[in-house]
Structures are given as C-alpha cells and as structure tokens.
Amino acid sequence: MASTENFESVVARSKQDPSRFWLEAAGAIDWDVAPTVAVDDSDAPLYRWFPDARLNTSYNALDRHVLAGRGDDTALIYDSPVVLKKKRYSYSTMLDKVGRAAGMLAAAGVVAGDRVVIYMPMMPQAVVAMLACARLGAVHSVVFGGFAAKELASRLDDAKPRVIITASGGIESDRVVEYLPAIVNALELAEHTVETVIVKNRPEVPGSAAEFEDATPGTRWWDWSSRSTDAVPHPPVSVAATDPLYILYTSGTTGSPKGVVRDNGGHAVAMAWSMRNVYDIGIGDVMWTASDVGWVVGHSYIVYGPLIAGATTVLYEGKPVGTPDAGAFWRVIDEHSVKTLFTAPTALRAIRKADPHAELSHGYDLSRLDAMFLAGERLDPDTWTWATALLQKPVIDHWWQTETGWAICASPRGIEHLPLRAGSPSFPLPGFGVSIVDEHGEQVPHLEEGNIVIDLPLPPGTLATLWQGDQRYIDSYLSAFPGRYLTGDSGYLDRDGYLYVMGRTDDIINVAGHRLSTGSMEQILAQHPAVAECAVVGVKDALKGQKPLGLVVLASGTTIEEAVLIAELVAMVREQIGAVAAFRDAVVVSALPKTRSGKILRKTMRQIFDGDDYVVPPTIDDTRAITVIVEAAGASTRRLV
Ligand code: COA
Ligand code: AMP
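- As annotated in an unreviewed UniProt entry, the chain is Propionyl-CoA synthetase from Salinibacterium xinjiangense.
- UniProt, in its Sequence similarities (unreviewed entry) section for the chain, records the words "Belongs to the ATP-dependent AMP-binding enzyme family."

## Overview of the nonpolar core
Turning to step 1, where the next piece is worked out: Leu131, Ile165 and Tyr304 are the most contacted members of the largest nonpolar core, which has 123 residues in total.
Turning to step 2, where the next piece is worked out: Of all the elements, helix α5 (residues 124–136) adds the most residues to this core, at 10 residues.
Turning to step 3, where the next piece is worked out: Residues contacting Tyr304, with those up to four places away along its chain left out, are Thr57, Met130, Leu131, Ala134, His140, Leu245, Tyr246, His267, Met271 and His299.
Turning to step 4, where the next piece is worked out: Leu180, Trp221, Val511 and Ile566 belong to the second-largest nonpolar core, a separate cluster that totals 45 residues.

## Quick notes on the pattern of salt bridges
Turning to step 1, where the next piece is worked out: Applying the stated criterion across every chain, the model contains 36 salt bridges.
Turning to step 2, where the next piece is worked out: Ionic pairing is found between Glu24 and Arg20, a salt bridge with its closest N-O pair at 3.3 Å. Pair noted here: Glu24 and Arg20 are both in helix α2 (residues 18–25), with a separation of 4 residues, about one helical turn.
Turning to step 3, where the next piece is worked out: Taking the relative accessible area as the measure of exposure, Glu24 reaches 46% and is therefore partly exposed.

## Remarks on the domain arrangement of the chain
Turning to step 1, where the next piece is worked out: As assigned here, the chain comprises domain 1 (7–318 + 398–490) and domain 2 (512–640).
Turning to step 2, where the next piece is worked out: A C-alpha centroid distance of 34 Å is found between domain 1 and domain 2.
Turning to step 3, where the next piece is worked out: In this complex, domain 1 contributes 18 residues to the contact, which on the side of domain 2 involves 14 residues.
Turning to step 4, where the next piece is worked out: Taken over both partners, the interface formed by domain 1 and domain 2 buries close to 1200 Å², and the fraction arising from carbon and sulfur atoms is 48%.
Turning to step 5, where the next piece is worked out: At the junction of domain 1 and domain 2, the tally comes to 1 salt bridge.
Turning to step 6, where the next piece is worked out: The shortest N-O distance in the salt bridge between Glu403 and Arg515 comes to 2.8 Å.
Turning to step 7, where the next piece is worked out: Linking domain 1 with domain 2 are 7 residue pairs in polar contact (both at pLDDT 80 or more).
Turning to step 8, where the next piece is worked out: Among the residues forming the side of domain 1 that touches domain 2, the class breakdown is 5 nonpolar, 9 polar and 4 charged.

## Quick look at the packing of aromatic side chains
Turning to step 1, where the next piece is worked out: Counting across every chain of the model gives 28 aromatic pairs.
Turning to step 2, where the next piece is worked out: Here Arg155 stacks its cationic end above the ring of Phe147, 4.6 Å away from the centre of that ring.
Turning to step 3, where the next piece is worked out: One cation-aromatic arrangement involves Arg227 over Trp222; the distance from NZ or CZ to the ring centre is 3.9 Å.

## Brief notes about the packing of helix α9 (residues 265–277) against helix α10 (residues 296–308)
Turning to step 1, where the next piece is worked out: Remark: α9 packs on α10, axes separated minimally by 8 Å, with the N-to-C direction vectors making an angle of 85°. In terms of orientation, α9 lies roughly perpendicular with respect to α10. Facing His267, Ala268, Met271, Ala272, Ser274 and Met275 of α9, the residues of α10 in contact are Ser300, Tyr301, Tyr304, Gly305, Pro306 and Ile308.
Turning to step 2, where the next piece is worked out: Among the residues forming the contact of α9 with α10, the class breakdown is 8 nonpolar, 4 polar and no charged.

## Focus: a nonpolar patch on the surface
Turning to step 1, where the next piece is worked out: Nonpolar side chains collect at one region of the surface, where Tyr614, Val616 and Val630 lie side by side and expose about 210 Å² of accessible area between them.
Turning to step 2, where the next piece is worked out: Positionally, Val616 belongs in the loop between α17 (602–610) and α18 (624–640).

## Examining helix α15 (residues 518–525)
Turning to step 1, where the next piece is worked out: In terms of residue burial, α15 counts as a mostly covered element, since 7 of its 8 residues are buried.
Turning to step 2, where the next piece is worked out: Those residues of α15 that fall on the buried side of the exposure criterion are Thr518, Gly519, Ser520, Met521, Glu522, Ile524 and Leu525.
Turning to step 3, where the next piece is worked out: Elements that come into contact with the buried residues of α15 comprise β28 (508–511), β29 (514–517), β30 (531–541), β31 (545–554), α16 (562–576) and α17.
Turning to step 4, where the next piece is worked out: Among the residues of α15, the N-terminal cap falls to Ser517, whose side-chain oxygen and the backbone nitrogen of Gly519 are separated by 3.2 Å.

## A word on the layout of surface pockets
Turning to step 1, where the next piece is worked out: Approximately 650 Å³ is the volume attributed to the second largest pocket.
Turning to step 2, where the next piece is worked out: Forming the boundary of the second largest pocket are 26 residues, of which Val11, Lys15, Leu429, Phe432 and Gly433 lie nearest the centre.
Turning to step 3, where the next piece is worked out: Of all the secondary-structure elements, those providing two or more residues to the lining of the second largest pocket are α1 (7–16), α2 and β22 (427–428).
Turning to step 4, where the next piece is worked out: Of the residues forming the lining of the second largest pocket, the biggest block, 5 residues, is contributed by α1.

## Some thoughts on the packing of α5 against α10
Turning to step 1, where the next piece is worked out: α10 packs onto α5 with a crossing angle of 60° between their chain directions and a minimal axis gap of 11 Å. In terms of axis orientation, α5 runs oblique to α10. The crossing of α5 and α10 is right-handed. Contacts from Val127, Met130, Leu131 and Ala134 in α5 reach His299, Val303, Tyr304 and Leu307 in α10.
Turning to step 2, where the next piece is worked out: Residue composition of the contact of α5 with α10, grouped by class: 7 nonpolar, 1 polar and no charged.

Thresholds applied
- Residues numbered from 1 in each chain as written.
- Chains lettered and ligands numbered in written order.
- Predicted model: local features only at pLDDT ≥ 70, side-chain atom pairs only at ≥ 80, totals over all residues.
- Heavy atoms only, no water.
- UniProt positions renumbered as here; feature names shortened; annotations may be inferred.
- Core = buried A, V, L, I, M, F, W, Y, C linked by side-chain atoms within 4.5 Å.
- Buried < 20%, exposed > 50% of the residue type's maximum accessible area, 1.4 Å probe, protein only.
- Helix = DSSP H or I, 4+ residues; strand = E, 2+ residues; numbered from the N terminus.
- Contact = heavy atoms within 4.5 Å.
- Salt bridge = Lys/Arg side-chain N within 4 Å of Asp/Glu carboxyl O.
- Domains from an automatic or database assignment.
- Buried area = accessible area lost by both parts, 1.4 Å probe.
- Polar contact = N/O pair within 3.5 Å; in protein donor to acceptor, adjacent residues only side chain to side chain.
- Nonpolar A, V, L, I, M, F, W, Y, C, P; charged D, E, K, R; others polar.
- Phe/Tyr/Trp six-rings, centres within 6.5 Å; stacked < 30°, edge-to-face > 60°.
- Lys NZ or Arg CZ within 6 Å of the ring centre and 35° of its normal.
- Axes fitted to C-alpha atoms, helices over the stretch in contact; angles between N-to-C directions.
- Parallel < 35°, antiparallel > 145°, perpendicular 65-115°, else oblique.
- Patch = residues over 30% accessible without salt bridge, like charges linked within 9 Å, V, L, I, M, F, W, Y side chains within 5 Å.
- Areas by Shrake-Rupley, 256 points an atom, 1.4 Å probe, with all protein chains shown as cover.
- 1 Å grid on protein atoms, 1.4 Å probe; cavity = no way out; pocket = protein on both sides within 12 Å on 5 of 7 lines; lining within 4 Å.
- Points joined across faces, edges and corners; volume = space filled by probe spheres on them.
- Left-handed = near helix turned anticlockwise from the far one by under 90°.

The structure is reproduced here in structure tokens:
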C-alpha cells in the first residue's frame, strides 16, 4: 500500500531537515533511551547516528512483538529442499531460542563488545545465533560458508572472536560441505586463539559427523543442542545506539577483506524505515529474501529487517535450480504466501536457462506476490523484461552495497508506485545524496558516465567505519572526493534522474551476485612457481554476470603443460579462497599489457575478452602485448565455441 505522501515530497522533507526526518523515523524503534540528537559530526568525516540513545536490537526484533500480543505470529519459515525439512517458528519460540542461545554464549564468557564468528549454512540456528549475539551486545561476524579455511582464518585474526558458532555440515548441490575440518584448519592457520567453538550437529546432513571433542589445543568444543537447552534465557542487554551490532567482511581491492562495521541504532532505524517504505512490508506480511545470511542482503532482509518489522521471513536452504528443479521459487512463493521476493538477477538467469518459458511455474498460485526486488549485481534489461512478462508484477531493481546496508537507489514501493525503467535501479532514497563526478570531483552532465559518489553524512544504517580501521575507511572511501563517499561504482543519471549503475571502477568483480576481489586471486596465482606474472579480470558470463579469468605469464625455463598448470591454479584458488570464487579459467600469454609506469591494463584486457570496444592508453609500454591479448581472446573464444 503506497503512502499518502508522494516520493518527491518525502525526499524533499529528508533534505530540508535531515535530523528531524531521521528522528521521526526513529519513532519506529523501541528505545531504552530515546534519541534527542540525530547525528554527531564532531569526528567528521566519521559520523555517529543517534549518539545519546540506547536500545537492544534483539528486543526490537523479538520481545516487543511478543509483548504486543503477537507471540503466536510466525516469525520465521524454514524451508529446506536439501534436507527435506519445513518448519515454522513463532515469535515466542524464536524469543525462547534466542534467549537460551544468549544464555549459552554468556556461559561461554561472552559479554557486550566481544566478537562471535558465525560460520553456518542456511539453517534457523544461524538466525538464532545472530540474534543471540545482538541480545548480549556482542558483535557477530558471519562468514559465508563458501569461503575456505584461509579466508576464515584471516577474519579470525582481524575480529579476534571469543567464540565461533558453526554446524557439522551443509549441502551444496550434490556434495556435503564439512564445516568442522575448515574450522580446525582455520584455527591452526590463525594466530588468534578462540576460546570456544559451539557446534550444531546436523544428523540430517548425511556424512557430516560432529566428532569434535578436543579437536584443537586451547579451544574447547561445545555441543549447541545440549548447551542451549540447559542454558538460562538471557535478557536483552542495553547498548549504545553507536555500539557495533556486527562486522561483515567484504572484498576490497587488496587481498585483505574489509570489516564493515554496522551500529545498533542507525541500523534498526534504517531497517524499520526501508521495510515499510521500500518493500512495503509490515506485520502479517511474508518476505522471502533468497540470499544467504553470509551476505549483507541476508543480514538486512532475511534476519533484521523482517523481524524488526514484525513480519514473517522465509529462510530457504536451497538453490533456484536443482533443488529439485527450476520451479523451486514458484513453489516457495505459493506455499508460504510470499508478498515480496528479493533475490539476485543471477538466480533469475539460472531459472530462465533451465526453464525458458517458466513452465514449471504453471500450477502455482503467485497471486499474493506483490513485487520482486533484485540486487547484488546489475540487472540486465533482458532479464528484467523476461521476469516482468512472466510475473506481470513489478520487478524492482535496487542498488546497494555491503557498506550501505540498505538500498541507495530504489523505487520505493511503500511510498509510491513509480514507473520503472529497464537497466535502472530508479532514484536515490532519502539520505543518499548521489552525484556523478569526473576524476577531479566535478559533476558531469546527464547521460555522461562517471564515479558515483554520495554526500556525507551517509544516512543511518550505513557503515560506521571499518573494524579497527578508521583510517583505512577514510583512505578507501572518503579521501578521493572530500565530503563524499566513493561507492566504487560508475554510472550515469538520465534526464529524469534515474540512475544507471554500469560497473565497478576498481578491481572488484561480481560473480553470481557474489563480490570478489581479483587482487586476492592474483596473489594466489602468483604463488605458483611456474607463474612469473599474472592478472585476473572479470569477463562477461551469461549466467553469473561475470566470471574470473586468469592471465598468466610463465617464468622463464618453465616446462609445465598449460592444462596441468591451469588445473593447479584452479585448485589453489579453491583451496585458499573457497568454492565461491568460481575460478575455473586461465590462459597462458607471453606478456601482459602495461603502462610505462608498470600498471597492468586490466580494464583493456577485460574489454578485449568481452569483445567490447577498447582504447589503448597512450601511456602503454609495448603495444605488442595488446596483440598477444587479442590473439589469446580469439583463441579462447574459438575454444569455448
Ligand atoms: N557453502 C559452500 N559452498 C558454496 C556455498 C556455500 N554456502 N555457496 C556456493 N558454494 C559453492 C557452490 O556449490 C559452487 O561449488 P562448485 O564449484 O563445487 O560447483 C561454487 O561455490 C560456486 O557457487 P556459485 O557461483 O553460486 O555457482 P552455482 O553453480 O553453485 O550456483 C546460482 C549458481 C546462480 C544458482 C547461484 O549462484 C545462486 O543462486 N545465486 C543467487 C545469488 C545470491 O544468492 N547472491 C547473494 C547476494 S544477493
Ligand atoms: P555487495 O557489497 O556484495 O552487496 O556488492 C555491492 C556491489 O554490487 C555494488 O557496488 C555494485 O557494483 C553491485 N551491485 C549491487 N546491486 C546492484 C544493482 N542493482 N545494479 C548494479 N550493480 C549492483
């Protein structure tokens, strides 16, 4: 249901008096101490939202709904086609489970401010674990299950958690994902010692044995089920609005991931505001975000957003295809009366590839679906058109990042049903002053592509800083254009103010909606003794949007066969980053094109492999290297054909 005020007027109000706008929005949250000040700018360019307020996020997600008499409402629907389980959890049940899990963590010595790493598949206990941390004022850091032990270890050393919560196993396509060997390996690799590992055994995952007693020196291992059942439910701990709720690591341009820090107060306000105004979801509505709790989309709209709004969230442990088929999404929408589906364009492309005319949707009742939201990567017009024609419902592209925590640009379904345009995530939302600038920070004309920047301060719910990295935050995001946040995306605005996001300006690539750093892959390829030099670029992929491609120059005197080398490189990336890197292709070349100052021309190489027009920079060191890449691209295209 759209509101009585139109979008233009809401945006105008947010610009006229931002403090008033966000203090009013803060009225949707139950505070222990209500905010009287919106934003503290005394440490600019670092800003702190609601500096004099106190609250507990899990209280806002659970207790207040139970206290309001909605304890029997369904908070979470777990649907797992991989372990063949479906279960509904009421708000009262969730509150009981979260209280006990918080009691278990407290018994493990966790207090407010301590960090807890969560490394789990898409199971209800992952949500319970996150909320249990929030209840104690502890800071969770969820690590996506597709990352390997080495990535986990680097996060352990950065976040220094007191506890890890994990599960014995998950199921990915046809294989069992064993979490415990990865934990043991990560604990060995990390310098930091974790006091306690808590394991939820999953007998329903065949072959994922939870034999973990004394698995690692210095760390005790606890069984989730017995410890949480015996635990005394813990009440919510009041924290400052500015205290961290979670750290979420995301790929930066270097090999070391950035720990995005989200606060409690600004986040709660942003979740409440966006649920109502962007997604039009409230009490009694069902939202299904088909992502993973390991990503920001999962944090915001599987866990916190729907529960803070008092709605029902669907936790789906499956894929768009193959679990068991490309009709899975339509089944879930019908079976659970989903009002809003949120997923990544890749998921739609996967369904379309398997079932081009969506014949598997026939027989399912999709009438309760109000809209589909997409994010995580560029929504190509072709996929948008296909989905719109299929559903006959709004398919709403919206653009955001791990850093922002919620949408920068969207068509706000809860305010006004604005016309959508293919290829555009529509308009900047309140609080996001978006502009397009050239390399000198000058605003460029409409339709001209440039750096997308956002005026400071960013609105509530966006990153407060990087974990123990204020200076890194300033250097990475706030220094290029003083007074503005650098998104790392490029794009343009059309004459009507619709934004078009075209791609990254840095070395981040987006594979199946997963954000990956080519720099970290290059570091791994460079470890191979046969590799003298290398580059990784993200090339177009019809299903995943992009896929990583390695270009390697052999060390002189090397005799290794190309196929053997590539297989070894693929295995190394899988072992060190994880399956999620989806690194499967590499090409041996005799040289890499570089500028005279030695900068590798990754963008030019990507354009050549994509078959796009490219411009050879005048500063190129040796133009013959371009010919080498053109030939390699031609050969690889022929091979792929
Ligand atoms: N734990 C362990 N491994 C995982 C994993 C997890 N949670 N998630 C993915 N992987 C593995 C996959 O099994 C795959 O392994 P493989 O090389 O053995 O096949 C590998 O990581 C690459 O995964 P992915 O790129 O996702 O490819 P896929 O072929 O398994 O699936 C899609 C393709 C399109 C079905 C899938 O990417 C998808 O559903 N994407 C939706 C996008 C999404 O959720 N984005 C999140 C941000 S909104
Ligand atoms: P992540 O931090 O993993 O959410 O990835 C954020 C990045 O994904 C953004 O910086 C964009 O490059 C890309 N992205 C996310 N949503 C969109 C979208 N709707 N359109 C284009 N790119 C997007």
